[in-house]
Amino acid sequence: MNIFARALKKITDILNKEGIDYMLVGGFAVSYHNRARTTNDIDLVLQIYPRNISQIIKYFPEWKGFEQGFKDSVRLGQLFNITDFETGIRYDFMTYQDSDYNWTAFERRKEVEFFGIKCYISSKEDLIISKLKWHNISESEKQMEDLKFLLLDKELNSDYLKIWTDRLLINTHGLLE
C-alpha cells in the first residue's frame, strides 16, 4: 500500500469511527479521476464542530498542544491542518460552511473506492466549482490544469455548473461555454 493510500485509510477510518461526515476535495480528489499530478496533502471538507476536535486529536497525540487553536479555527470556519508524522502526509481540513451551495455539494458527494478504500469524494462538478474558486483567488496554473482535465468529461451536468457558478458569481474564464 503506497503512502497516500495508508494516509487515506488512516484518516477515513478515524472519521468513520468517530461519526464525522467528510468528503475528499482538492488535488487528491482530482487524482481519483485518473489525472496524474503531484500533491503533498489530502484535502477534506468536514462536517465538524469544535467539540469534535478532541475526537480527531486523540489519534495524533503530538498535536494535542494545538487543540484549542484547532477548535478556534473550526469555530471561525477556517482551515486547519495536521501532518501525520507516521506517513508524512498533511491533512488539510476545511470546515463545512452552511449555505445552500455547500449543503447541495455535500449531498452530492459520492461513495467510491479509492486505492481499495471506501471513502466519500466530492462530485466532479463540485470539484470544478471548487477549482474555479481557488483559481480565481490564486491564479494557480495547477488549478487551471485540473480544470481543463475535469472538463474533458462529456457527462458533466452543465446545467448544474451554470446554475451554481452564476449564483456564486464565479468567474469561469470562458471554460464552461
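Every residue gets a number counted from 1 within its own chain, in the order that chain's sequence is written. With the structure being a predicted model, the display of local features is reserved for residues of pLDDT at least 70 and the display and counting of side-chain atom pairs for 80 or more, all residues being used for whole-chain, interface and lining totals. Values shown for side chains rest on all heavy atoms present in the structure; no hydrogens or waters enter the calculation.

**Student:** Help me get a handle on the pairing of strand S1 (residues 22-25), residues and values and all.
**Tutor:** Burial along S1 is two-sided: the residues Tyr22 and Leu24 and Met23 and Val25 are all buried. Two strands make a pair as long as DSSP finds a minimum of two bridges between them. Only DSSP runs of H or I covering at least 4 residues are called helices, and only runs of E covering at least 2 are called strands; the numbering of each starts at the N terminus. Alignment of S1 against strand S2 (residues 41-46), held across 4 bridges, turns out to be antiparallel. What sits directly across from Leu24, in S2, is Leu44. For the exposure calls, accessible area comes from a 1.4 Å probe over protein chains only, and a residue counts as buried if that area is under 20% of its type's maximum, exposed if over 50%, partly exposed in between.

**Student:** Account for the pattern of salt bridges, with residues named and values stated.
**Tutor:** Where charged atoms of side chains with opposite charge meet at close range, the side chains can pair. Whenever Lys or Arg places a side-chain nitrogen within 4 Å of a carboxyl oxygen from Asp or Glu, that contact is recorded as a salt bridge. Summed over the entire model, instances satisfying the criterion amount to 14 salt bridges. For Glu67, the salt bridge is made with Lys71, and the minimal N-O distance between the two is 3.5 Å. Here Lys71 and Glu67 lie together in helix H4 (residues 67-76), a separation of 4 residues that amounts to about one turn. Across this residue pair, the class does not change: Glu67 and Lys71 are buried. Here Arg108 ties to Glu125 by a salt bridge, and the two come within 3.4 Å at their closest N and O atoms. Of this pair, Arg108 sits in the loop between helix H5 (100-107) and strand S5 (110-114) while Glu125 sits in helix H6 (residues 124-138); the two residues are 17 residues apart in sequence, bridging distant segments of the chain. Relative accessible area serves as the criterion here: at 18%, Arg108 is assigned to the buried category. Exposure remark for Glu125: the relative accessible area of 9% places this residue in the buried category.

**Student:** Just give me the short version of the pairing of strand S4 (residues 89-95), but keep the residues and values in it.
**Tutor:** Taken across its 7 residues, S4 has 6 buried, putting it largely inside the fold. Judged from the 6 bridges that link them, S2 and S4 form a sheet pairing that is parallel. Among the inter-strand pairings, Val45 is bridged to a residue of S4, identified as Met94. Linking strand S3 (residues 80-84) to S4, which pair antiparallel, is a turn of 4 residues; within it Gly88 sits at a positive phi near 80°.

**Student:** With reference to specific residues and values, describe the nonpolar core.
**Tutor:** Definition used in this section: a nonpolar core is a set of buried Ala, Val, Leu, Ile, Met, Phe, Trp, Tyr and Cys residues joined via side-chain atoms within 4.5 Å. Counting 54 residues, the largest nonpolar core has Leu24, Ile42, Leu44, Leu46 and Ile82 as the members making the most contacts within it. Broken down by element, the residue count for this core peaks at 7 residues, all from helix H1 (residues 3-18). It only takes one pair of heavy atoms within 4.5 Å for two residues to be counted as in contact. Residues contacting Leu44, with those up to four places away along its chain left out, are Leu15, Tyr22, Met23, Leu24, Val25, Tyr91, Asp92, Phe93 and Met94.

**Student:** Provide a residue-level description of the packing of aromatic side chains, including the pertinent values.
**Tutor:** Geometry of aromatic contacts follows a simple scheme: Phe, Tyr and Trp rings, the Trp one being its six-membered ring, pair when their centres are within 6.5 Å, and the pair is stacked under 30 degrees between planes, edge-to-face over 60, tilted otherwise. Scanning the entire structure with this criterion turns up 16 aromatic pairs. On the basis of an interplanar angle of 45° and a centroid distance of 6.2 Å, the ring pair of Trp63 and Phe70 is categorised as tilted. We classify Trp63 as buried; its relative accessible area is 15%. On the accessibility criterion, Phe70 (7% relative accessible area) is buried. Ring centres of Tyr96 and Phe106 lie 5.5 Å apart, and the angle between their planes is 75°; this geometry places the pair in the edge-to-face category.

**Student:** How would you summarise the layout of surface pockets if you had to cite specific residues and measurements?
**Tutor:** Note on definitions: the grid is 1 Å and covers protein atoms alone; a cavity is a set of points where a 1.4 Å probe fits but cannot get out; a pocket is an open set with protein on both sides within 12 Å along at least five of seven lines; lining residues have an atom within 4 Å of a point. Grid points are joined across faces, edges and corners, and a volume is the space filled by probe spheres set on the points. Its boundaries defined by the atoms lining it, the largest pocket holds a volume of some 500 Å³. For the lining of the largest pocket, the secondary-structure elements that each account for two or more residues are S1, S4, H5 and H6. In this classification, Asp, Glu, Lys and Arg are treated as charged, Ala, Val, Leu, Ile, Met, Phe, Trp, Tyr, Cys and Pro as nonpolar, and every other residue, Gly included, as polar. Class assignment of the residues belonging to the lining of the largest pocket gives a composition of 12 nonpolar, 8 polar and 2 charged. By volume, the second largest pocket amounts to about 340 Å³. Considering the residues around the second largest pocket, the lining is formed by 20 residues, among which Gly26, Gly27, Asp43, Lys131 and Gln143 are closest to the centre. If you list the elements that add at least two residues to the lining of the second largest pocket, you get helix H2 (26-32), S2, S4, H6 and helix H7 (141-150). Among the residues forming the lining of the second largest pocket, the class breakdown is 4 nonpolar, 9 polar and 7 charged.

**Student:** For H4, give the residues involved together with the corresponding values.
**Tutor:** What H4 keeps buried is the set Glu67, Phe70, Lys71, Ser73 and Val74. Take H4 and look down its axis: the buried residues cluster within an arc of 160°, on one side only. In H4, those exposed residues whose orientation departs by more than 90 degrees from the buried face are Arg75 and Leu76. Those residues of H4 hidden inside the fold are in contact with helix H3 (53-57), S3 and S4. Of all possible arcs, the one meant is that of the directions from the helix axis to the C-beta atoms.

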